[in-house]
Amino acid sequence: MSVAPGLQPESWHLLSLLERAPGLHALADTLSDLADEGHPIVVGTADLKYSNGLVRFQERHPDKYVQFGISEQHMVSTAAGLATTGLQPYVATFASFMALLACEQIRTDVAYTKQRVRLIGHHAGITLGFYGTSHHATEDLAITRSIAGLTVIAPADATQLSWALRAAATYPGPIYFRIGRGQDPDVYRRGDASYEIGRAIEHSTGTDLTIIATGSMVHPSLQAAEELRGQGISVGVLDMHTVKPLDEIAVLAAANRSAVILTVEEHNVLGGLGGAVAEVVAAAGLPTRVVRHGIDDEYALIGPPTHLYRHYGLDTDGVVRAAQAAVKV
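Note that residues are indexed from 1 along each chain, following the sequence as it is written. Where local features are concerned, this predicted model is filtered to residues with pLDDT of at least 70; where side-chain atom pairs are given and counted, the filter is 80 or more; whole-chain, interface and lining totals use all residues. Note that water and hydrogens are dropped before the side-chain values are worked out from all heavy atoms of the structure.

For the protein chain, the name recorded in an unreviewed UniProt entry is Transketolase, with Mycolicibacterium wolinskyi as its organism. UniProt positions are given in the numbering used here, feature names are shortened, and annotations may be inferred rather than shown by experiment. The protein chain has a UniProt comment under Sequence similarities (unreviewed entry) that states "Belongs to the transketolase family." Within the UniProt record for the protein chain, the comment given under Cofactor (unreviewed entry) is "thiamine diphosphate".

Caption draft 1: Up close: the packing of helix α10 (residues 248-257) against helix α11 (residues 273-283). Orientation is described by axes fitted as lines to C-alpha atoms, over the contacting stretch for helices, and by angles from 0 to 180 degrees between their N-to-C directions. Numbering of helices and strands starts at the N terminus; helices are DSSP runs of H or I of at least 4 residues and strands are runs of E of at least 2. Interaxial distance between α10 and α11 falls to 10 Å at its minimum, and their mutual angle equals 70°. On the basis of their axis angle, the class for α10 and α11 is roughly perpendicular. Remark: the crossing between α10 and α11 carries right-handed chirality. Of the residues in α11, those in contact with Glu248, Val251, Leu252 and Ala255 of α10 are Val277, Val280 and Val281. For the contact of α10 with α11, the class distribution of residues is six nonpolar, no polar and one charged. An angle below 35 degrees is treated as roughly parallel, one above 145 as roughly antiparallel, one from 65 to 115 as roughly perpendicular, and anything else as oblique. Should the near helix be turned counterclockwise from the far one by less than a right angle, the crossing is left-handed, whereas a clockwise turn marks it as right-handed. Two residues qualify as a contact provided that any one of their heavy atoms is within 4.5 Å of a heavy atom in the partner residue. Amino acids are sorted into nonpolar (Ala, Val, Leu, Ile, Met, Phe, Trp, Tyr, Cys and Pro), charged (Asp, Glu, Lys and Arg) and polar (every other residue, Gly among them).

Caption draft 2: Local environment of the environment of Thr45. The residue Thr45 is located in strand β1 (residues 41-45) in this model. C-alpha of Thr45 to C-alpha of Leu228: the two residues are 183 residues apart in sequence and 42 Å apart in space. Among all residues touching Thr45, those that are not within four sequence positions of it are Asn52, Leu54, Tyr65, Val66, Gln67, Phe68, Gly69, Met75 and Ala92. A polar atom in the side chain of Thr45 sits 2.8 Å from the side chain of Asn52. Under the rule applied, a polar contact is a pair of N or O atoms within 3.5 Å (in protein, one hydrogen donor and one hydrogen acceptor; residues adjacent in sequence only if both atoms are side-chain atoms).

Caption draft 3: Broad picture of the packing of helix α9 (residues 218-230) against helix α13 (residues 316-328). Contact pair α9 / α13: the axes reach a minimum separation of 8 Å and the direction vectors enclose 55°. Viewed along their axes, α9 and α13 adopt a mutual orientation that is oblique. Classified by chirality, the crossing of α13 by α9 is right-handed. Touching Pro220, Ser221, Gln223, Ala224, Glu227 and Leu228 of α9 are Thr316, Asp317, Val319, Val320, Ala323 and Gln324, all from α13. By residue class, the composition of the contact of α9 with α13 is six nonpolar, four polar and two charged.

Caption draft 4: Structural view of the domain arrangement of the protein chain. Parsing the protein chain into structural domains produces domain 1 (14-178) and domain 2 (201-328). Placing the centre of domain 1 and that of domain 2 at their C-alpha centroids yields a distance of 26 Å. The interface is formed by 29 residues belonging to domain 1 together with 34 residues belonging to domain 2. Two parts placed together each lose some accessible area under a 1.4 Å probe, and adding up what both lose gives the buried area. Summed over both sides, the interface between domain 1 and domain 2 buries roughly 2200 Å², with carbon and sulfur atoms accounting for 59% of that surface. Area buried by domain 1 at its contact with domain 2 is led by Ile126, Thr138 and Arg145, which between them contribute 31% of it. Each salt bridge in this description consists of a side-chain nitrogen of Lys or Arg and a carboxyl oxygen of Asp or Glu lying within 4 Å of one another. Taken together, domain 1 and domain 2 are joined by one salt bridge. With its nearest N and O atoms 2.8 Å apart, the salt bridge here joins Arg145 to Glu279. Where domain 1 touches domain 2, the interface holds 19 residue pairs in polar contact (both at pLDDT 80 or more). Top contributing element to the side of domain 1 that touches domain 2 by residue count: helix α7 (residues 140-145), with four residues. A class-by-class count of the residues in the side of domain 1 that touches domain 2 yields 15 nonpolar, ten polar and four charged. Each domain's limits were defined by an automated method or a database of domain assignments.

Caption draft 5: Representation of the sheet that holds strand β10 (residues 242-244) within the structure. Taken in spatial order, the seven strands make up an open sheet running β2-β1-β3-β4-β6-β5-β10, and their pairing is mixed. On the outer flanks of this sheet lie β2 (65-67) and β10, each paired with one strand and no other. Each strand axis lies, on average, 20° off the axis of its neighbour in the sheet, ignoring direction. Of the pairings in the sheet, the one linking β1 to β2 comprises three bridges and is parallel in character. Considered in β2, the bridge of Gly44 is made with Val66. Running over the sheet, helix α8 (residues 158-168) touches β3 (88-94), β4 (118-122), β5 (151-153) and β6 (175-178) and is turned about 175° from β6. Strand pairing requires that DSSP identify at least two bridges connecting the strands.

Below, the structure is given as structure tokens:
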């Protein structure tokens, strides 16, 4: 592996991890391409340019990159100020720090003033398994979707992240992007489908069950659906990449078609995608059961992410079990 001049040895391991994280490549490379195309982009991060891959943006556009150090709240407030000058700031840090630590700044400085700031919360959910509760982000969807005027997007893979970033380049108002650690399996190819913020992607339809998943849970949900069909269950899958504004039309269509809706998210079952879907179904007065699958109202354990996914049923087998239980009731 080639090492950039002046790079300290302690950064080599981080770069090695980055090379295995295509989602982080998509983040930096798409933003770099948008800057090349003339969009007034400025990118900032809070001492995490190797963890989120934005070192690649810095290499291509050093004059449009700001290193804020460990000062996440200051970074968000500064981004709001930069947006008032006509720039379009994209600022990134761990999702736990972005949505929880900087919640006040997001609400008051960015969303209340309707600034076109793009807030990127990476390593969301339990992807920072060993780092513990302070670094787990299992409340960020509930927090961000309750902030008025803030769009919330959780892409399923690197390709969809690139689509979403491009769509965001001309989208009004502030946006919170919820992404993982850049190692999500591929769900889409670049030519697979058109992408629109606020419109769910329908992979299939079913009369027994519709799985509505977001972010990292789309891939295991699609795999689970294949297994369930082999068991004679009619199952559909919706990728709800935009948690706010929620595609209510797609939710209601699924509720009218299927006996049960199963929401799947790498998040607390309270206040996130499951809550949003349940609100829509309840408001419409439909009898469709909504079952929320995610992390119960608790603080996630500490351990390797793969072990945690298995423990909380956030892998293919876990989604299959949750679906089987939902349709048997």
